[in-house]
Amino acid sequence: MAQIDEDDIILVQRGPSPTVAGGFYRSFVETARGLKTTLFKVFGETQTIQYPEEKTPVYPRFRGRHKLHTFEDTGLEKCVGCSLCAAACPADCIRVVAAENDPNNRVSAGERYAAVYEINMSRCIFCGYCEVACPFDAITMGHDYELSDLNRSDLIFTKEMLLAEPIERTPLRTEDE
Ligand code: SF4
Ligand code: SF4
């Protein structure tokens, strides 16, 4: 009579191979995920956006139009005209002319302020180096991307333009959208 060892008993007790069952399960899950992605692309991402009435939302980290900031409590400009942003700009499109603050009529919180602050948007590559270089968070990049114009000189954004709130805000999309 043939001998039955311990390994044979374990094989009989396990039934169908767990490797085969696991493979079927993984295939089913991957197929379901692929179908979900395809349906999302067809019915979700490729829908028509009625631009310009409806704007394409951007991700929160999108780098668009710049914004110069003031302090909320005092209203003083955060920019002190140090030109670090201009030095960091690889496109050489920022022009800063600093001036001394008048103690009786302060413009910024520092000793100096930016008498002139301009960004030539036709040269900007939206790299974000300027906002990283600024030690006072005086300049940040917003989400607005509608910057085209018919005249190149209109693409030189002045300090007043950069301090002003954008007329219309670009909608944001969530990270999982
Ligand atoms: S985003 Fe880059 S290219 Fe544009 S102004 Fe800032 S540093 Fe210059
Ligand atoms: S925006 Fe910032 S880095 Fe640029 S001049 Fe003003 S304070 Fe300096």
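What you see is a predicted model; the values in this text were computed from it and never measured.

## A look at the overall build of the protein chain
A count of helical and extended segments in the protein chain gives 5 helices and 5 strands. Going from the N terminus to the C terminus, the protein chain shows its helices and strands as α-α-β-α-β-β-α-β-β-α. A total of 177 residues make up the protein chain; the buried ones form 14% of that total.

## Looking at the sheet that holds strand β5 (residues 156–157)
Here 3 strands make up an open sheet; going across it, the order is β2-β3-β5 and the pairing antiparallel. Among the strands making up the open sheet, the edge pair consists of β2 (94–100) and β5. In terms of strand pairing, β2 meets strand β3 (residues 112–120) through 7 bridges, oriented antiparallel. Within β3, the position partnered with Ala98 by the bridge is Ala114.

## Here's the deal with the site of ligand 2
Neighbouring residues of ligand 2: 14 residues in total, closest Cys79, Cys82, Leu84, Cys85 and Cys134. Split by residue class, the shell around ligand 2 holds 12 nonpolar, 2 polar and no charged.

## Description of the site of ligand 1
The environment of ligand 1 is formed by 14 residues, the closest being Cys89, Cys124, Cys127, Tyr129 and Cys130. Looking at side-chain class alone, the shell around ligand 1 contains 13 nonpolar, 1 polar and no charged residues.

## Notes on the confidence of the model for the protein chain
Scored by pLDDT, the protein chain comes out at a mean of 84, with 72% of its residues at no less than 70. Predicted confidence for residues 6–16 stays below pLDDT 50, and this span has 2 contacts to residues more than four positions away or in other chains.

## Observations concerning the nonpolar core
Ranked by size, the top nonpolar core spans 17 residues in total, and within it Cys79, Cys85, Ile94, Cys130 and Ile139 carry the most contacts. Sorting the residues of this core by element identifies β2 and β3 as the ones contributing at least two each. Residues contacting Cys79, with those up to four places away along its chain left out, are Leu68, Ser108, Tyr113, Ala114, Tyr117, Ala138 and Ile139.

## With respect to unusual backbone geometry
Looking along the chain, the bond that leaves Tyr51 and enters Pro52 is cis, with omega of 10°. With respect to the secondary-structure elements, Pro52 resides in the loop between α2 (18–45) and β1 (66–68). The backbone phi angle of Ser83 is positive, close to 70°, even though this residue is not glycine. With respect to the helices and strands, Ser83 occurs in the loop between β1 and α3 (84–88). Of note in this structure, Asp92 is not a glycine but carries a positive phi near 55°. Tracing the backbone through its elements, the reader meets Asp92 in the loop between α3 and β2.

The rules behind these values
Residues numbered from 1 in each chain as written. Chains lettered and ligands numbered in written order. Predicted model: local features only at pLDDT ≥ 70, side-chain atom pairs only at ≥ 80, totals over all residues. Helix = DSSP H or I, 4+ residues; strand = E, 2+ residues; numbered from the N terminus. Buried ≥ 20, exposed ≤ 12 C-beta atoms within 10 Å, placed from the backbone. Pairing = 2+ DSSP bridges. Near = placed C-beta within 6 Å. Nonpolar A, V, L, I, M, F, W, Y, C, P; charged D, E, K, R; others polar. pLDDT = per-residue confidence, 0-100. Contact = placed C-beta atoms within 7 Å. Core = buried A, V, L, I, M, F, W, Y, C linked by C-beta atoms within 7 Å.

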